[in-house]
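Report on the structure
As a plain string of letters, each chain reads:
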Number of protein chains: 2
Amino acid sequence: MTVVETVEARLPAHEVVYRELREQILFGEIAPGQAVTIQGLTERLGAGMTPVREAIRRLTAEGALKFQGNRRVIVPLLSAKNIEEIIVARKCLEGELARRATERAKPEDLQFLVQTDKLLDQAIVKGDLQAYLEHNFRFHERIYDMADAPILADLAEGLWLRFGPSLRVVCGRVGTQNLPDKHKDLLSAMQAGDAERTAQANVEDMMQGMEQVRIMLA
Amino acid sequence: MTVVETVEARLPAHEVVYRELREQILFGEIAPGQAVTIQGLTERLGAGMTPVREAIRRLTAEGALKFQGNRRVIVPLLSAKNIEEIIVARKCLEGELARRATERAKPEDLQFLVQTDKLLDQAIVKGDLQAYLEHNFRFHERIYDMADAPILADLAEGLWLRFGPSLRVVCGRVGTQNLPDKHKDLLSAMQAGDAERTAQANVEDMMQGMEQVRIMLA
DNA sequence: CAACCTAAAATATGATCAAATTATGGATTG
DNA sequence: CAATCCATAATTTGATCATATTTTAGGTTG
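Attention in this report is confined to the structure presented alongside it. Everything quoted here is computed from the prediction, not taken from an experiment.

Our focus in this paragraph is the protein's contact with DNA strand D. Residues in contact with DNA strand D amount to 17 residues; listed here are only the nearest, A:A13, A:G48, A:T50, A:N70 and B:R53. Backbone atoms, meaning sugar and phosphate, make up 64% of the atoms of DNA strand D lying within 4 Å of the protein. Measuring from a phosphate oxygen of DNA strand D, one finds a backbone N or O atom of A:A13 at 2.2 Å. For the surface near DNA strand D, the elements supplying multiple residues, two or more each, are α2 (13-26) and α4 (49-61) of chain A together with α3 (38-45) and α4 (49-61) of chain B. The residue inventory of the surface near DNA strand D, partitioned by class, reads 6 nonpolar, 6 polar and 5 charged.

In C-alpha cells:
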C-alpha cells in the first residue's frame, strides 16, 4: 500500500465523496438542471449509499445542489435575479478578502499566484476549458486562504459553487480566448502592497465574469 | 392519526431531524463548545442513524456545527476575529435585505412584524429568554423572506446559525431587560416606505447585537 | 383519458466493523 | 506508603453496508 493510499484511507468515505462531487459541480462537469441520483453516484464513485447521501446533503446546504420536493436532487439553474444577488454578496466579499489577503501576503503566496496565472494563460492559449476553470478557481481560492478569514472565505467559496456550473456553460460558448481578466492588475497591486487597489481589481475581475453569465441568462 | 401527523409524515426524517436540531442550535439550547453525538441524537429524537447523520452534515456545511479531526462534532466556539468577519458580511447583507424588503412590503408583512415585535417586548418584560430569542429571530427571518432574494437570505440565515449560540450566552448574562433594539425605528421607516432608513435601522440593530457578543468575547 | 400497475429510486433501520476515548490496574518513583 | 504514570482492557461512538419499506414516474390497459 502506498503512502498516498494510506493518507486517503484516513479520510472518511463521505468526505471523499463530498470533495469529488464538489469538484465535478464546481467545474461544470455536471450541467445546470441535470439530476443527481444517489444510486448513480454509488455506482460512479464506487461508494456506499450512506456516504453518498451525506455528501449530497452537504452540497445541498451549500446551494450547490437543490432538493426538489419529489425526492429529486438537481444542479440548480440560475436565474438573472439569482445573479444579481450573487453580485451583491460578492462585491462585498471579494473586496474585503482581497484587501485582507494583500495585508497578509507572504512571498510564497505571491509566487503561487503568479505561477497559477501563468498556467491560466497557457490554458487560454490552448483553449483548454477544464484547465482554465480549475486554475482560475485555484487563483481565487488562494486569495481566500491568504485573507485569514475562514467565515468570509466559506461564504465566497459557497457562492462559487452556485455560479460555477453556469460559468462552464458561458465559457464553453464564448471560448477561452475571449475571457478577459484583471489578474495582472491585481498582482501588481498586491506586489506593491496596495490593498485598496487590489480589492478594486478583484471586484472588477469578479464583475467581468458575472457580466458574462448575466448576458447569457438574458 | 391526526392531520398534523399525516402532514409531518410527508417530511423525510432527515428533514425533521435537521429542523429540530437547527432550532436547538439557533436558540442556544446546545451551548458553544458542547459536543453533538450521533447516537445521542438518535436516542433523543427517536430517529435512525442515517437521517441524523444527514442532518449533521447539513448543519456542518452551514457552519452551525464543526467537524473536529477526530470524528467529533461540536457547536463551534466563536472567537473575537470570527465576530469581526460576521459583522463585515452582515453589514452588507442586512442592509440590502432590509432595503429590498421595504420595497416589497405587503400589509400582512407589516402586521406580522408589528405583532412579533409586541410579543418580543412582552418576552423582555417577563424575562423569558427563550421567547425573546425566538421572536427576535422570527422578526428578522420575516424580513429576509420579504426581500425575495433567496440566496442573500440563505447567507444571512447561515450567519445567524453561527452566532446564535453565543447570543444565547450573552443574553443569559446581560438579562433581557438590557437588550436594546432598533425595531421601532425600523418599523416606522418601513411603514413610511423609506428603504434607506429601514436599511440603516436594520444595520444598527444588527450592530447592537454583535457589539454585545464582541464585548463578551473580549 | 383516467386509473392502475410495474419498475426504479429514495428513505430508513439495524447490524457490523473500526476507531477513539475512558477506565483500570500494576509498576515505578519520591 | 502514597502518588503518578503508563500500558492495556473495556466501553462508547462513528463509519459503512446490506436490506426492507415507501414513494414516485412512466407506461399500459380498460
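Core analysis: the biggest nonpolar cluster contains 117 residues, and A:L65 and B:L65 have the highest contact counts within it. Look past the residues within four positions of B:L65 in its chain and what remains in contact with it is B:L21, B:I25, B:V36, B:I56, B:L59, B:T60, B:V73, B:I74, B:V75 and B:P76. Of all hydrophobic cores here, the second largest spans 10 residues; its members include B:A101, B:F139, B:L186 and B:L187.

What follows concerns the packing of helix α5 (residues 80-104) of chain A against helix α5 (residues 80-104) of chain B. Each pair of packed helices gets described by two things: the angle between the helix axes and the distance between those axes. For the pair α5(A) and α5(B), the least separation of the axes is 10 Å and the interaxial angle reads 160°. Taken as axis vectors, α5(A) and α5(B) run roughly antiparallel relative to one another. Crossing hand, α5(A) versus α5(B): right-handed. Residue-level contacts link A:V88, A:C92 and A:E96 of α5(A) to B:V88, B:C92 and B:E96 of α5(B).

This part takes up the environment of B:Y18. Residues and elements named next belong to chain B. Topologically, Y18 is positioned in helix α2 (residues 13-26). As for Y18 and G28, which are separated by 10 residues in sequence, their C-alpha atoms are 15 Å apart. Excluding residues within four positions of it along the chain, Y18 makes contact with A55, R58, L59 and E62.

Turning to the interface of chain A and chain B, a few remarks are in order. Accessible area lost when the parts come together is the quantity often used to give the size of an interface. Between chain A and chain B, the residue contacts involve 26 residues of the former and 25 residues of the latter. For the pairing of chain A and chain B, the buried interface totals around 2600 Å² over both sides, and the portion due to carbon and sulfur atoms is 66%. Three residues stand out in chain A for area buried against chain B, namely A:R57, A:E85 and A:I151, and they jointly supply 24% of the buried area on that side. Connecting chain A to chain B are 8 salt bridges. Mapped onto the side of chain A that touches chain B, the elements with two or more residues apiece are α4, α5 and α8 (150-174) of chain A. Considering each element in turn, the side of chain A that touches chain B owes the most residues, 8 residues, to α5(A). Here the residues of the side of chain A that touches chain B sort into 12 nonpolar, 3 polar and 11 charged.

This next bit is on the side chain of B:T60. Residue and element names in this part refer to chain B. Mapped onto the elements of the fold, T60 is located in helix α4. Take T60: its relative accessible area is 19%, and that puts it in the buried class. In this structure, T60 is in contact with L65 and F67, ignoring residues within four places of it in sequence.

Screw-axis analysis of chain A against chain B gives a translation of 0.0 Å along the axis, an RMSD of 0.0 Å, and a rotation angle of 180°. The superposition of one copy onto the other is thereby described by a two-fold rotation axis. When the interface residues of chain A are mapped onto chain B, 96% of them are again interface residues, pointing to one common binding face.

Turning our attention to the protein's contact with DNA strand C. Neighbouring residues of DNA strand C: 18 residues in total, closest A:R53, B:A13, B:G48, B:T50 and B:N70. By atom count, sugar and phosphate contribute 70% of the portion of DNA strand C lying within 4 Å of the protein. Between DNA strand C and A:R57, the relevant distance is 3.2 Å, taken from a phosphate oxygen to a side-chain nitrogen or oxygen of the residue. The set of elements that each furnish at least two residues to the surface near DNA strand C consists of α3 (38-45) and α4 of chain A together with α2 and α4 of chain B. Here the surface near DNA strand C is composed, by residue class, of 7 nonpolar, 6 polar and 5 charged.

Cut-off values and rules
- The residue numbers shown here count from 1 along each chain, following its written sequence.
- By the order in which they are written, chains take letters starting at A while ligands take numbers starting at 1.
- pLDDT decides what is reported in this predicted model: residues at 70 or higher carry local features, side-chain atom pairs at 80 or more are listed and counted, and totals for whole chains, interfaces and linings draw on all residues regardless.
- Note that the side-chain values use all heavy atoms of the structure and ignore hydrogens as well as water.
- Working definition: residue near molecule or strand if any one of its non-hydrogen atoms lies within 4 Å of it.
- Under this definition, polar contacts are N or O atom pairs within 3.5 Å; protein pairs additionally need one hydrogen-donor-capable and one acceptor-capable atom, and for neighbouring residues in sequence, both atoms have to be side-chain atoms.
- Every helix listed is a DSSP run of H or I at least four residues long, and every strand listed is a run of E at least two residues long, numbered separately from the N terminus.
- Just so you know the grouping, Ala, Val, Leu, Ile, Met, Phe, Trp, Tyr, Cys and Pro go in nonpolar, Asp, Glu, Lys and Arg go in charged, and all remaining residues, Gly too, go in polar.
- The term nonpolar core refers to a set of buried residues drawn from Ala, Val, Leu, Ile, Met, Phe, Trp, Tyr and Cys, joined through side-chain atoms within 4.5 Å.
- Only protein chains enter the accessibility calculation, which uses a 1.4 Å probe. A residue is then buried if its area is under 20% of the maximum for its type, exposed if over 50%, and partly exposed in between.
- Contacts are assigned to residue pairs with any non-hydrogen atoms lying within 4.5 Å of each other.
- Orientation is described by lines fitted to C-alpha atoms, with helices fitted over the stretch in contact, and by angles between N-to-C directions that extend from 0 to 180 degrees.
- Roughly parallel means an angle under 35 degrees; roughly antiparallel means over 145; roughly perpendicular covers 65 to 115; every other angle is labelled oblique.
- Each crossing is labelled by how the near helix is turned from the far one, with a counterclockwise turn of less than a right angle marking it left-handed and a clockwise turn marking it right-handed.
- Buried area, as used here, totals the accessible surface that two parts lose on assembly, with accessibility defined by a 1.4 Å probe and the loss added over both.
- Salt bridge criterion: a side-chain nitrogen from Lys or Arg within 4 Å of a carboxyl oxygen from Asp or Glu.
- Only residues with pLDDT of at least 70 in both copies contribute their C-alpha atoms to the least-squares superposition of the copies.

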